[in-house]
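Here is what each chain is made of, one letter per residue.
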Amino acid sequence: MTALRLEELTWPQVRAEIDAGRQTVVVPFGAVEQHGPHLPLGTDALFGDEIGWALAERLDAFLAPTVRAGCSSHHLAFAGTISLREETFRQVAADIVASLAQHGFKRIVLLPTHGGNFRPLGEAVAQMPPLDGVQVITFPDVSVLLGAILPVASSLGITPQEGGVHAGEWETSMVLALRPELVHMDRGEAGYVGDLMAGVQRFFQEGVHTISENGVFGDPRRASEAAGRQYIDHIVDVIAAMVDAQSQRSGAA
Ligand SMILES: [Zn+2]
């Protein structure tokens, strides 16, 4: 089997696939937010499309369309950013899950591909009423993503400051691997490259603009397509293993 794109099928096709046992669906949650002077606003939504597809292939699942707007209030000082309030975001997630559960999906994987979506998605799942026979899987801590990326970065000689957490080396490398025509490497410049943990706290609580004038957290200048491919492959490996582990824990297939 291979993955199927929910949006490209008719309802009888979806019905038949669910009845035949394809009962897992992956729903990516991205963002439309500034990514410095060199990356497109849809960077995290693109990651949702591509990482979501790769994960759906591993799971023989459906891929639902990426929810493109996410929780990006910390980026609102920059033009073009669209942000959902956390309450709205949780309701969107809950309504999507309720819709899919009604049709017989047994495993619904909510995949955050934007740092600001992890905690709100975890809260959304915790607040959902229990659905009989339906397992909803998400990853409530952004450390899942960083834990997948940091070992690869280290093996490539990229420091955590350079990789950063936003529009730095690794995000830039990943967009170079996926949609190189959207990357303006000639405009790539370092942003915040100070202490990582102190920076992350201000980044989320006070806004990106308080630590970085250009919106970059990290330094994209050594980014490469080859590195991007390695990051993406490893993220998919780590997330697929986590979905398997969570599925086995709950006894679901
Ligand atoms: Zn991003």
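First, a word on what this report is: a plain description of the structure on this page. (Residues numbered from 1 in each chain as written. Predicted model: local features only at pLDDT ≥ 70, side-chain atom pairs only at ≥ 80, totals over all residues.)

1. Here's the deal with the overall build of the protein
Okay, so step 1: Helices and strands together make up the secondary structure of the protein, namely nine helices and five strands.
Okay, so step 2: In sequence order, the protein lays out its α and β elements as β-α-β-α-β-α-β-α-β-α-α-α-α-α.
Okay, so step 3: For the protein, whose C-alpha radius of gyration is 18 Å, the value lies close to the compact-globule estimate of 18 Å for 253 residues.
Okay, so step 4: If one aligns the C-alpha atoms of the protein with their principal axes, the spans along those axes are about 50 × 35 × 35 Å. (Helix = DSSP H or I, 4+ residues; strand = E, 2+ residues; numbered from the N terminus. Rg over C-alpha atoms; globule rule 2.2 N^0.38 Å.)

2. Considering the sheet that holds strand E4 (residues 107-112)
Okay, so step 1: With parallel pairing, five strands are arranged side by side in an open sheet as E1-E3-E2-E4-E5. Only two strands of the sheet have a single partner each, and these edge strands are strand E1 (4-5) and strand E5 (135-137).
Okay, so step 2: Sitting on the sheet, helix H3 (residues 86-102) is in contact with strand E2 (24-29), E4 and E5, with an inclination near 155 degrees to E4.
Okay, so step 3: Strands E4 and E5 of the sheet are contacted by helix H9 (residues 225-250), whose axis makes an angle of about 150 degrees with E5. (Pairing = 2+ DSSP bridges. Contact = placed C-beta atoms within 7 Å. Axes fitted to C-alpha atoms, helices over the stretch in contact; angles between N-to-C directions.)

3. Observations concerning the environment of Phe29
Okay, so step 1: When you line up the elements, Phe29 lands in strand E2.
Okay, so step 2: Residue Phe29 is classed as buried on the basis of its C-beta count, with 31 C-beta atoms lying within 10 Å.
Okay, so step 3: The residues contacting Phe29, other than those within four sequence positions of it, are Gly48, Val67, Gly70, Leu110, Leu111, Pro112, Thr113, His114, Asn117 and Leu121. (Buried ≥ 20, exposed ≤ 12 C-beta atoms within 10 Å, placed from the backbone.)

4. A word on unusual backbone geometry
Only a minority of non-glycine residues have a phi that is not negative, and only a minority of peptide bonds are not trans.
Okay, so step 1: Even without being a glycine, Asp60 presents a positive backbone phi close to 50 degrees.
Okay, so step 2: With respect to the helices, strands and loops of the structure, Asp60 is situated in the loop between helix H2 (43-59) and strand E3 (62-63).
Okay, so step 3: According to the C-beta neighbour criterion, Asp60 is partly exposed, with 14 such atoms within 10 Å.
Okay, so step 4: Unusually for a residue other than glycine, Ala167 sits at a positive phi of about 65 degrees.

5. Considering the pairing of E4
Okay, so step 1: Within E4, six of the six residues are buried, leaving the element largely enclosed by the surrounding structure.
Okay, so step 2: Alternating positions in E4 separate into two faces, Arg107, Val109 and Leu111 on one and Ile108, Leu110 and Pro112 on the other, with burial throughout.
Okay, so step 3: Relative to E5, E4 runs parallel, the two sharing three bridges. Residue pairing across strands places Val109 opposite Ile137, the latter belonging to E5.
Okay, so step 4: The handedness of the E4 to E5 crossover, carried by helix H4 (residues 118-127), is right-handed. (Right-handed = clockwise from strand over helix to strand, strands pointing away.)

6. Here's the deal with the packing of helix H5 (residues 143-155) against H9
Okay, so step 1: Orientation of H5 relative to H9, taken along the N-to-C sense of each, is 135 degrees, at an axis distance of 9 Å. As summarised for this structure, H5 and H9 are arranged oblique, according to the angle between their axes. In the crossing of H5 with H9, the sense of the turn from one axis to the other is right-handed. Where H5 abuts H9, its residues Val144, Leu145, Ala148, Ile149 and Val152 lie against Gln230, Tyr231, His234, Ile235, Val238 and Met242. (Parallel < 35°, antiparallel > 145°, perpendicular 65-115°, else oblique. Left-handed = near helix turned anticlockwise from the far one by under 90°.)

7. Considering the nonpolar core
Okay, so step 1: Of all hydrophobic cores here, the largest spans 64 residues; its most connected members are Val25, Val26, Val27, Ile108 and Leu110.
Okay, so step 2: Here this core takes eight residues from H2, the largest share from any one element.
Okay, so step 3: Setting aside anything within four residues of it in sequence, one finds Val26 in contact with Gly52, Leu55, Ala56, Leu59, Ala61, Leu63, Ala64, Val109 and Leu111. (Core = buried A, V, L, I, M, F, W, Y, C linked by C-beta atoms within 7 Å.)

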